[in-house]
Amino acid sequence: MSEFDFGARRASEFRHRGFWSLFVDRHPEEKARLARRGPWFWQRGLSDLSLVISMYVAPAQNHVGVFFGRNEKFGATESWTRLKPFQPAIEDRLKLGPGQSAGGLGINSLWRVNCFAEDNWPAMADWLVTEASRVERAVTEVLGQG
């Protein structure tokens, strides 16, 4: 059993409505910035930059994470391509350690946690908002210099 193996569980067993309800209760300010949501994600819109930051829960993979998502309403359709030249500068500001991001997701951050343990939910919600804010600050600083 690996360090992060919390037992085989199916994503369908995760009570996503309960989690996102707690998320909004703890962070009501996110409602005003909501671009789109689904069972597994919440998108914070950055309309001035035509970007969205996706906060997501991946219970079957035992992690939560943040990355730049896609949202046509916000013009966030080629985010990875647009941000690729700035990726090193943004990642330098984020100072993520090994294992704190996933290859293939562009600029991203993740936290390995047992999503099924509901006593972890407050920390997960807080981490998502804090990390989304860190990513937002980093991209705003980098693009503001350009």
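Owing to the predicted nature of the structure, the values given are computational and were not obtained by experimental measurement.

Procedures and definitions
Every chain is numbered on its own, with residues counted from 1 as its sequence reads. Per-residue local features are limited, in this predicted model, to residues with pLDDT of at least 70; the limit for side-chain atom pairs, both in listing and counting, is 80 or more; totals at the level of whole chains, interfaces and linings are taken over all residues. Side-chain measures here rest on the full set of heavy atoms in the structure, leaving out hydrogens and waters. Strands were regarded as paired on the criterion that DSSP finds at least two bridges between them. Think of it this way: any DSSP run of H or I at least four residues long counts as a helix, any run of E at least two long counts as a strand, and we number them from the N terminus. Note on geometry: axes are C-alpha line fits, over the in-contact stretch for helices, and angles between N-to-C directions span 0 to 180 degrees. By the criterion applied in these results, polar contacts are pairs of N or O atoms within 3.5 Å in which, for protein atoms, one can donate a hydrogen and the other can accept it, and in which residues neighboring in sequence qualify only through two side-chain atoms. In this description, contact between two residues means that some pair of their heavy atoms is separated by no more than 4.5 Å. Exposure classes here rest on a 1.4 Å probe applied to the protein chains alone. A residue is buried below 20% of its type maximum, exposed above 50%, and partly exposed in between. The term salt bridge refers to a pairing of a side-chain nitrogen on Lys or Arg with a carboxyl oxygen on Asp or Glu at a separation within 4 Å.

**Q** Even after reading the chapter, I still don't get the sheet that holds strand β4 (residues 63-68), so can you show me in this structure?
**A** Note on sheets: strands pair through backbone hydrogen bonds, and any given pair is parallel or antiparallel. Read from one edge to the other, the open sheet built from five strands follows the order β1-β2-β3-β4-β5, with strand pairing classed as antiparallel. One side of each edge strand has no neighbouring strand; the edge strands of this open sheet are β1 (34-37) and β5 (108-112). Across the sheet, the mean angle from the axis of one strand to that of its neighbour is 15 degrees, orientation sign disregarded. As paired elements, strand β2 (residues 41-46) and strand β3 (residues 51-58) share six bridges and run antiparallel to each other. Directly across from Gln 43, in β3, lies its bridge partner Ser 54.

**Q** When you look at the side chain of Arg 44 in this model, what are you seeing that I'm missing?
**A** Position of Arg 44 relative to the elements: it lies in strand β2. Polar side-chain contacts of Arg 44 include one of 2.5 Å to the side chain of Glu 30. Excluding anything up to four places from it in sequence, Arg 44 contacts Glu 30, Arg 33, Ala 35, Leu 51, Val 52, Ile 53, Met 55, Val 129, Ala 132, Ser 133 and Glu 136.

**Q** Whenever I open this one, the pairing of β4 confuses me. Can you help?
**A** Walk down a regular strand and you will see the side chains alternate between the two sheet faces. Among the six residues that make up β4, six are buried, leaving the element largely enclosed by the rest of the structure. Side-chain alternation along β4 places His 63, Gly 65 and Phe 67 on one buried face and Val 64, Val 66 and Phe 68 on a second face that is also buried. Sheet topology places β3 next to β4; six bridges connect them, and they run antiparallel. In the strand pairing of β4, Met 55 is matched with Val 66.

**Q** Just to check I follow, could you spell out the pattern of salt bridges for this structure?
**A** When the charged atoms of two side chains with opposite charge come close together, those side chains can pair. Under the criterion given, the structure shown has eight salt bridges. Connected via shared salt-bridge partners are Glu 30, Arg 33, Arg 44 and Glu 136.

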